[in-house]
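# What the coordinates show
If you want the building blocks of each chain, they are given just below.
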Amino acid sequence: MAKSSPQTAAQRRRRNNLVAYGFMSPWFIGFLCFSAFPIVYMLTMSLTNRKLTGLSKFLGFKNYVNMAASPTFLNSLKVTLYFTLVMMIVTAIWALFMAMLLNRKQRLNGIFQFFYFVPAVIPTVALAFAFRMIMGADAGVFNYLLTILSGKSVNINWLYDVNTVYFAVFFVTLFTYNTGQMMMIFRSGLNDVPTELYEACEIDGASALRKFRSVTLPILSPVILFNMVMGSISALNGSFALLYPLTEGGPNGATNVLSLLIYKEAFLNYKVGYGCALSVVLFLIAAVFASVLFALSKRYVYYEI
Amino acid sequence: MSRKLIALLLSVLMIAAMAVPVAMAEAQPTVSLTVWNEPNEDPAMNMYLQAEKATGVKVNVTVIPETEYSSKLNQMVASKSDADIMIVWECDLKNFVEANGILKLDDYLAKSSIDQKDFIDAVANLSSGLGATYGLPWCAATEILYYNQDMFDAAGIAYPTNDWTYADFQAAAQKLTQKNADGTTKVYGCTLPNLQTWWAGVGAAGDQVYDPSNGQLVIGDGATKFVTDCAQMVKDGVMPQPSSDTADLFSSGMAAMSWQGSWQIGTYGGNLPFNWDIAVLPKDARQYNTLHTGFYTISSTCKNPDAAWKVIEYLMGPDGQAINSKSSGNPSALKAIAAKGDWKVAAATSIENWDAITKSLECGVFGYTCLPAGVTGNAVNLFQSATLGQIAPKDAVSQAMQYAAETIGY
């Protein structure tokens with residue numbers, strides 16, 4: 001059999017590579033058009049005073065300098081970090097708890113799963129508007145139920161009192177799509193925990209808490225990492241859809257997260273350039289969160305039993 | 001041969017059938033018009049439909065939700081989207097002029113019967129700062145006091161007049177408040193000011209609110225005083241706390257008075273289960289309320305500005321303004337047309353003091369509506385926080401001014 005010449009083999013290799021690039025090109029073109037270009041454009045716009053009408057003048061880093069001196073931005077940064085951290089932890093704990101309940105072998109498990117997941121499929125904005133009415137001070141359902149249960153007139157202003165707004169907001173986050181999705185992923189992760197390990201623990205007389213701490217958590221740690229990363233991204237980017245209808249950033253800026261501030265600056269104050277600068281900061285915060293989580297994963301995540 | 005002839009004839013007929021509507025469409029000019037309200041369902045009260053009949057220009061109305069209206073129009077100007085007539089808010093007019101987004105109307109006005117000298121003073125002042133006329137006001141809505149006559153009768157208090165002072169208002173609000181046995185409020189003396197009427201109180205207390213020379217928010221001692229008064233009234237249970245409750249306390253009989261826009265008259269009509277009337281907002285350091293309007297403008301991307309002007313000229317004429325007044329309850333910004341009284345909502349049979357509208361227009365100014373919505377919204381949030389005791393009124397006013405200074409003139 002005649003051997004192929006090196007030139008023919010090289011040509012074949014080049015052709016194979018071109019075919020591979022050809023198959024990758026749709027994704028690559030989409031990435032360039034819908035991800036890379038907008039990000040680069042946002043970075044360049046953050047160096048200008050672009051208004052919503054399109055007028056624009058180069059400012060250099062003035063947007064960032066003004067941002068650092070703005071009490072509104074500094075408050076928003078503080079609120080964003082606090083909100084993201086707490087929301088990530090609260091939703092993860094609740095989702096894990098619900099997943100463990102669903103993982104128990106009991107009758108009508110399917111129906112329980114359905115009802116636990118139904119709130120998650122309601123659009124976040126609709127959910128927020130519904131809870132806005134439920135948490136009303138004079139005519140809200142919450143206060144009505146508390147009045148009946150306590151026998152005293154209850155008029156807690158859930159969303160306008162700085163002492164209760166965080167509780168109210170984190171309560172609503174338990175019903176969002178992100179929490180429901182976390183619950184399903186945890187449930188899937190729990191199914192992968194080998195039952196032999198639990199049997200071995202029972203033989204050794206381990207308590208339920210010890211089994212959870214020594215078997216469930218370590219094996220579930222990669223899933224927990226994934227959910228925490230997704231939870232942090234959801235809190236940073238998706239909090240707008242929840243907080244804008246629910247609190248509009250109030251009371252007194254207590255829930256004025258960065259995503260909300262970006263919307264207000266760009267679309268209500270027409271400062272698109274400044275909004276882009278804020279978006280760059282939000283992007284950096286998301287990157288830092290993900291980096292910290294991945295750094296922690298080296299110590300706390302077990303990929304092999 | 002005959003089959004070929006029949007096929008040929010059918011083809012010609014088909015092409016002619018397709019061409020006729022195209023030719024007709026080209027013969028009838030068409031303009032688009034953007035607005036935030038749905039046109040009236042009654043054809044006789046639909047001013048755009050009537051404009052079509054009167055001018056022969058087809059008007060395609062595009063309704064953009066009010067919450068997104070300003071930002072959508074700004075984006076249309078930025079992207080030079082095809083648009084013809086845009087009804088532009090006060091806060092956007094100057095920005096659109098700077099961005100060359102709208103055309104000057106002076107040449108059209110010179111040949112028109114619209115009497116610019118007949119506009120209310122506030123409109124003339126707004127336009128003069130732009131160097132030319134770029135928009136014509138579609139109406140002149142104002143802010144007034146609504147009051148429940150039955151509650152005033154029960155409390156034995158004389159009805160508010162157009163000369164009522166702020167002290168009269170405070171005293172009446174105290175007397176009209178009804179409490180439950182446990183000390184909670186059953187009926188409030190007055191609702192809390194809303195997004196619009198906070199500024200009526202601030203302006204009446206003596207602050208300028210809006211400085212047209214530099215476009216800045218100007219508030220200080222007047223705002224501090226008004227916010228302090230409201231905070232005290234909330235503490236005493238005379239006004240409700242700001243909350244996420246969406247109920248209209250006045251129309252549901254849970255508040256004796258309310259400061260609201262004049263356009264609410266059309267909403268209330270004859271639907272309220274009690275007798276009610278209106279009055280001018282009470283006078284404090286001065287008589288003050290904010291005028292609200294939208295300006296008919298022609299987009300710089302309009303392909304047929306003459307047709308667009310024809311439609312605007314009709315809408316600003318006696319017929320167009322009469323229909324707008326009857327359907328919206330808002331007076332015309334042209335004094336001669338407003339004097340005819342078409343804006344008096346027929347269904348609101350309870351109202352006797354229609355003079356409250358004309359007197360409110362006389363002392364009305366374009367104030368906070370000329371400022372970015374983010375600035376005024378932020379200020380109102382701070383005022384509300386002050387009424388809940390979360391921040392001192394003076395600090396709320398100071399922070400509002402600081403945020404405005406960061407934002408305006410960007």
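Rules used throughout
Residues numbered from 1 in each chain as written. Chains lettered and ligands numbered in written order. Predicted model: local features only at pLDDT ≥ 70, side-chain atom pairs only at ≥ 80, totals over all residues. Helix = DSSP H or I, 4+ residues; strand = E, 2+ residues; numbered from the N terminus. Rg over C-alpha atoms; globule rule 2.2 N^0.38 Å. Buried ≥ 20, exposed ≤ 12 C-beta atoms within 10 Å, placed from the backbone. Contact = placed C-beta atoms within 7 Å. Nonpolar A, V, L, I, M, F, W, Y, C, P; charged D, E, K, R; others polar. Pairing = 2+ DSSP bridges. Axes fitted to C-alpha atoms, helices over the stretch in contact; angles between N-to-C directions. pLDDT = per-residue confidence, 0-100. Domains from an automatic or database assignment. Parallel < 35°, antiparallel > 145°, perpendicular 65-115°, else oblique. Left-handed = near helix turned anticlockwise from the far one by under 90°.

### Points about the overall build of chain A
The helix and strand inventory of chain A stands at twelve helices and zero strands. At 25 Å, chain A has a C-alpha radius of gyration far larger than the 19 Å of a compact globule built from 305 residues. Based on the C-alpha atoms only, the size of chain A along its principal axes is roughly 95 × 70 × 35 Å. The proportion of buried residues among the 305 residues of chain A is 33%. Contacts spanning at least 24 positions in sequence make up 68% of the contacts within chain A whose residues lie at least 6 apart.

### Re unusual backbone geometry
Residue and element names in this part refer to chain A. The peptide bond linking Gly250 to Pro251 adopts the cis configuration, its omega dihedral lying at -5°. Its place among the elements puts Pro251 in the loop between helix 10 (208-246) and helix 11 (258-268). Here the phi dihedral of Glu248 falls at roughly 55°; this positive angle occurs in a residue that is not glycine. Using a count of 18 C-beta atoms within 10 Å as the deciding quantity, one classes Glu248 as partly exposed.

### Remarks on the interface of chain A and chain B
Taken together, the contact between chain A and chain B spans 33 residues of the former and 34 residues of the latter. Those elements that provide at least two residues to the side of chain A that touches chain B are helix 5 (124-134) and helix 11 of chain A. In terms of residue count, the dominant contributor to the side of chain A that touches chain B is helix 11 of chain A (four residues). Looking at side-chain class alone, the side of chain A that touches chain B contains 14 nonpolar, 13 polar and six charged residues.

### A few points about the sheet that holds strand 3 (residues 85-88) of chain B
Residue and element names in this part refer to chain B. The strand order across the open sheet built from five strands is 2-1-3-13-4, with neighbouring strands paired in mixed fashion. In the strand order of this sheet, the two ends are held by strand 2 (58-63) and strand 4 (136-137), each with one partner. Here strand 1 (residues 30-35) pairs with strand 3 via two bridges, running parallel. From the neighbouring strand, Leu33 faces strand 3, where its bridge partner is Ile85. Strands in contact with helix 12 (residues 305-316) are strand 1, strand 2, strand 3, strand 4 and strand 13 (295-298); relative to strand 13, the strand with the most contacts, it is inclined by about 165°.

### Observations concerning the sheet that holds strand 11 (residues 276-280) of chain B
Backbone-to-backbone hydrogen bonds pair the strands of a sheet. The strands run either parallel or antiparallel. All names here are of chain B. The strand order 10-5-11 describes an open sheet built from three strands, whose pairing is antiparallel. The two strands at the open ends of the sheet, each matched to only one other strand, are strand 10 (257-261) and strand 11. Within this sheet the neighbouring strands show an average axis-to-axis angle of 35°, counted without direction. Examined bridge by bridge, strand 5 (residues 143-148) and strand 10 share five bridges and lie antiparallel to one another.

### Concerning the environment of Val169 of chain A
Residues and elements named next belong to chain A. If you trace the backbone, Val169 turns up in helix 7 (residues 165-173). Take Val169: there are 25 C-beta atoms within 10 Å of it, and that puts it in the buried class. Residues Val169 and Ala130, spaced 39 residues apart in sequence, show a C-alpha to C-alpha distance of 13 Å. In this structure Val169 touches Leu246, Thr247 and Thr255, once residues within four positions along its chain are discounted.

### Observations regarding the confidence of the model for chain B
A residue-level look at chain B finds 98% of positions with pLDDT of 70 or above and a mean pLDDT of 92. The complex model carries a pTM of 0.87, and its ipTM stands at 0.85.

### Some points on the domain arrangement of chain B
All names here are of chain B. According to the domain assignment, chain B contains domain 1 (28-140 + 292-338) and domain 2 (143-290 + 352-407). Only helix 4 (90-98) and helix 6 (121-128) provide two or more residues apiece to the side of domain 1 that touches domain 2. Among the residues making up the side of domain 1 that touches domain 2, the classes are represented as seven nonpolar, six polar and one charged.

### So, the packing of helix 16 (residues 373-387) of chain B against helix 17 (residues 393-407) of chain B
Residue and element names in this part refer to chain B. Closest axis-to-axis distance for the helix 16/helix 17 pair is 9 Å, and the angle between their directions is 165°. Taken together, the axes of helix 16 and helix 17 lie roughly antiparallel to each other. Between helix 16 and helix 17 the crossing geometry is right-handed. Each of Gly374, Val375, Asn378, Ala379, Leu382, Phe383, Ser385 and Ala386 in helix 16 lies in contact with helix 17, whose residues at this interface are Pro393, Ala396, Gln399, Ala400, Tyr403, Ala404 and Thr407.

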